[in-house]
Number of protein chains: 2
Amino acid sequence: MATIGEASRRSGINIETIRYYEREGVVPRPGRSASGRRVYTDDEVAVLAFVKRCRDMGFPLADVRVLLALRNATDDQCDEVRVISQRHIADVRNRIAALRRLETALGALVSECRQGRTACPALQELFAG
Amino acid sequence: MATIGEASRRSGINIETIRYYEREGVVPRPGRSASGRRVYTDDEVAVLAFVKRCRDMGFPLADVRVLLALRNATDDQCDEVRVISQRHIADVRNRIAALRRLETALGALVSECRQGRTACPALQELFAG
DNA sequence: TATCCTTCCTGTTGTGACTACAGGATCAAG
DNA sequence: CTTGATCCTGTAGTCACAACAGGAAGGATA
């Protein structure tokens with residue numbers, strides 16, 4: 001049994017974020033103490049840690065919901081996990097490619113800049129298209 | 001002289017986004033027709049196109065504001081443009097590195113998945129930590 | 001017991017950079 | 001004169017939180 005502060009420390013999720021996940025229905029609502037404070041079981045803390053690992057892997061919350069639901073499923077877990085993960089990998093790869101192109105373009109832009117100049121060729125280039 | 005629709009087509013920025021930029025003070029307010037519609041000069045369309053190129057380069061709007069102000073400055077343009085651009089390049093490189101690590105981790109996760117299985121080792125791994 | 005600091009509560013607002021309406025007015029063409 | 005495209009303002013939604021405001025309760029110390 002843990003307070004929200006302990007659950008936060010043990011899962012690595014910010015307290016405010018834990019309450020946000022609860023509001024959004026990502027994680028189940030924990031019990032409450034006599035004075036109304038949240039009380040987390042070890043299993044509930046484990047769920048929070050799971051969500052944290054998923055988020056660290058970059059899965060959007062919508063995917064995390066599905067992944068959490070799969071935990072209690074008995075059929076085809078692997079199939080669904082693979083589909084979600086491969087979609088996510090494709091997304092990550094696209095983003096890497098886009099950022100690489102951007103890096104190249106920015107490098108070209110900066111190389112236009114020469115120290116001590118007043119009129120900036122890079123700025124001109126951005127402006128002229 | 002262009003309507004907002006023409007300005008949108010020529011700059012490549014969505015109409016709603018143009019209005020948003022105006023509200024936020026990123027671009028100056030254009031003149032208005034007798035009936036209250038926005039009327040853009042060629043220079044104002046060029047500013048929009050400049051903003052579009054900056055955004056395509058991934059500069060945040062805060063940077064775009066500075067870059068736009070630099071257009072009218074006469075001193076040290078190049079220095080400031082270089083500082084902003086290099087900060088942005090560093091940011092882009094950090095993001096690429098983070099995404100690469102993510103790609104590797106996701107690859108490892110998916111390799112745990114094997115077709116036809118019911119219990120998913122990848123899911124177990126996410127859960128166990 | 002009184003005080004004090006920490007932790008907790010709910011509810012609201014802000015972030016970045018838009019996008020998507022709702023509900024209406026105007027314009028241009030046929 | 002009607003139709004359809006375009007335009008207007010203003011508001012709310014997106015994602016995944018973070019940062020308050022304003023208060024209540026818990027635990028340690030004097």
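The rules we used
- For every chain, the first residue of the written sequence is number 1, and numbering continues from 1 along that sequence.
- Chain letters and ligand numbers both follow the written order, the letters beginning at A and the numbers at 1.
- Under the rules for a predicted model, residues below a pLDDT of 70 receive no local features and side-chain atom pairs below 80 are neither given nor counted, while totals for whole chains, interfaces and linings still include all residues.
- Values reported for side chains reflect all heavy atoms of the structure, with hydrogen atoms and water molecules removed beforehand.
- To obtain an axis, a line is fitted to C-alpha atoms, over the contacting stretch when the element is a helix, and the angle between two such axes runs from 0 to 180 degrees between their N-to-C directions.
- To qualify as a helix, a DSSP run of H or I must reach at least 4 residues; to qualify as a strand, a run of E must reach at least 2; elements of each kind are numbered from the N terminus.
- Roughly parallel means an angle under 35 degrees; roughly antiparallel, over 145; roughly perpendicular, 65 to 115; everything else is oblique.
- When the near helix sits turned anticlockwise from the far one by under a right angle, the crossing is termed left-handed; a clockwise turn instead gives a right-handed crossing.
- Residues count as neighbours in contact if any of their non-hydrogen atoms are within 4.5 Å of one another.
- As a working rule, the residues Ala, Val, Leu, Ile, Met, Phe, Trp, Tyr, Cys and Pro are called nonpolar, Asp, Glu, Lys and Arg charged, and the rest polar, with Gly in that last group.
- When we say a residue is near a molecule or strand, we mean one of its heavy atoms is within 4 Å of it.
- What qualifies as a polar contact is a pair of N or O atoms within 3.5 Å, subject to a donor-acceptor requirement within protein and to the restriction that residues adjacent in sequence count only when both atoms come from side chains.
- We define the nonpolar core as a collection of buried residues of types Ala, Val, Leu, Ile, Met, Phe, Trp, Tyr and Cys that are connected through side-chain atoms lying within 4.5 Å of one another.
- Exposure is judged per residue with a 1.4 Å probe applied to protein chains only, and the accessible area is read against the type maximum: over 50% gives exposed, under 20% gives buried, and values in between give partly exposed.
- Ring pairs shown here join Phe, Tyr and Trp side chains whose ring centres sit within 6.5 Å, with only the six-membered ring taken for Trp; geometry is labelled stacked below 30 degrees between planes, edge-to-face above 60, and tilted in between.
- For any pair of parts, buried area is found by adding up, for both, the accessible area (1.4 Å probe) each one loses once the two are put together.
- One side-chain nitrogen of Lys or Arg within 4 Å of one carboxyl oxygen of Asp or Glu is enough to make a salt bridge.
- For every residue, the predictor states its confidence as a pLDDT score lying anywhere from 0 to 100.

All right, on to the packing of helix α4 (residues 61–71) of chain A against helix α5 (residues 77–112) of chain A then. How two helices sit against one another is set out by the angle between their axes and by the gap between those axes. Residue and element names in this part refer to chain A. For the pair α4 and α5, the least separation of the axes is 10 Å and the interaxial angle reads 165°. What the angle tells us is that α4 and α5 run roughly antiparallel. Classified by chirality, the crossing of α5 by α4 is left-handed. In this structure, α4 contributes Asp63, Val66, Leu67, Leu70 and Arg71 to the contact, and α5 contributes Gln77, Glu80, Val81, Ile84 and Arg87. Class assignment for the residues of the contact of α4 with α5 results in five nonpolar, one polar and four charged.

To continue, consider the protein's contact with DNA strand D. Thr17, Tyr21 and Arg55 of chain A together with Gly5 and Arg19 of chain B are the nearest of the 19 residues found near DNA strand D. The sugar-phosphate share of atoms of DNA strand D within 4 Å of the protein amounts to 78%. The side chain of Glu16 of chain A places a nitrogen or oxygen atom 3.4 Å from a base nitrogen of DNA strand D. Here a phosphate oxygen of DNA strand D sits 2.7 Å away from a polar atom, N or O, in the main chain of Gly5 of chain B. At the level of secondary structure, the elements contributing two or more residues to the surface near DNA strand D comprise α2 (15–23) of chain A together with α1 (4–11) and α2 (15–23) of chain B. Here the surface near DNA strand D gets four residues from one element, more than from any other, and that element is α2 of chain A.

Taken together, 19 residues are adjacent to DNA strand C, and Arg19 and Arg38 of chain A together with Thr17, Tyr21 and Arg55 of chain B come closest. At 2.9 Å, a side-chain N or O of Ser35 of chain B approaches a phosphate oxygen of DNA strand C. Contact between DNA strand C and Arg37 of chain B: a base oxygen at 3.0 Å from a side-chain N or O atom of the residue. Counting residues per element, the ones that place at least two in the surface near DNA strand C are α1 (4–11) and α2 of chain A together with α2 of chain B. The leading source of residues in the surface near DNA strand C is α2 of chain B, at four residues.

Turning next to the nonpolar core. Phe59 and Leu67 of chain A together with Phe59 and Leu67 of chain B are the most contacted members of the largest nonpolar core, which totals 78 residues. Apart from the residues within four sequence positions on either side, Leu67 of chain A is in contact with Phe50, Cys54, Phe59, Val81 and Ile84 of chain A together with Leu123 of chain B.

What follows covers the packing of aromatic side chains. A full pass over the atoms with the stated rule returns four aromatic pairs over all chains. The interplanar angle of 35° and the centroid separation of 4.7 Å between the aromatic rings of Phe50 of chain A and Phe127 of chain B together place this pair among those described as tilted. Of this pair, Phe50 of chain A sits in helix α3 (residues 42–56) while Phe127 of chain B sits in helix α6 (residues 121–128), each in a different chain. For the pair Phe50 of chain A and Phe127 of chain B, one class covers both residues: buried.

Next up on the list: the interface of chain B and chain A. Interface size is often expressed as the accessible area that is lost when the parts come together. Taken together, the 55 residues of chain B in the interface contact 55 residues of chain A. Of the roughly 4,400 Å² buried between chain B and chain A, counting both surfaces, carbon and sulfur atoms make up 75%. At the junction of chain B and chain A, the tally comes to two salt bridges. Among the salt bridges present, the one from Arg93 of chain A reaches Glu103 of chain B, with a minimum N-O distance of 2.6 Å.

Per-residue pLDDT for chain A has a mean of 89; in total, 95% of the residues score no lower than 70. Per-residue pLDDT, averaged within each element of chain A, yields its smallest value for helix α6 (residues 121–128) of chain A (82) and its largest for strand β2 (residues 38–39) of chain A (97).

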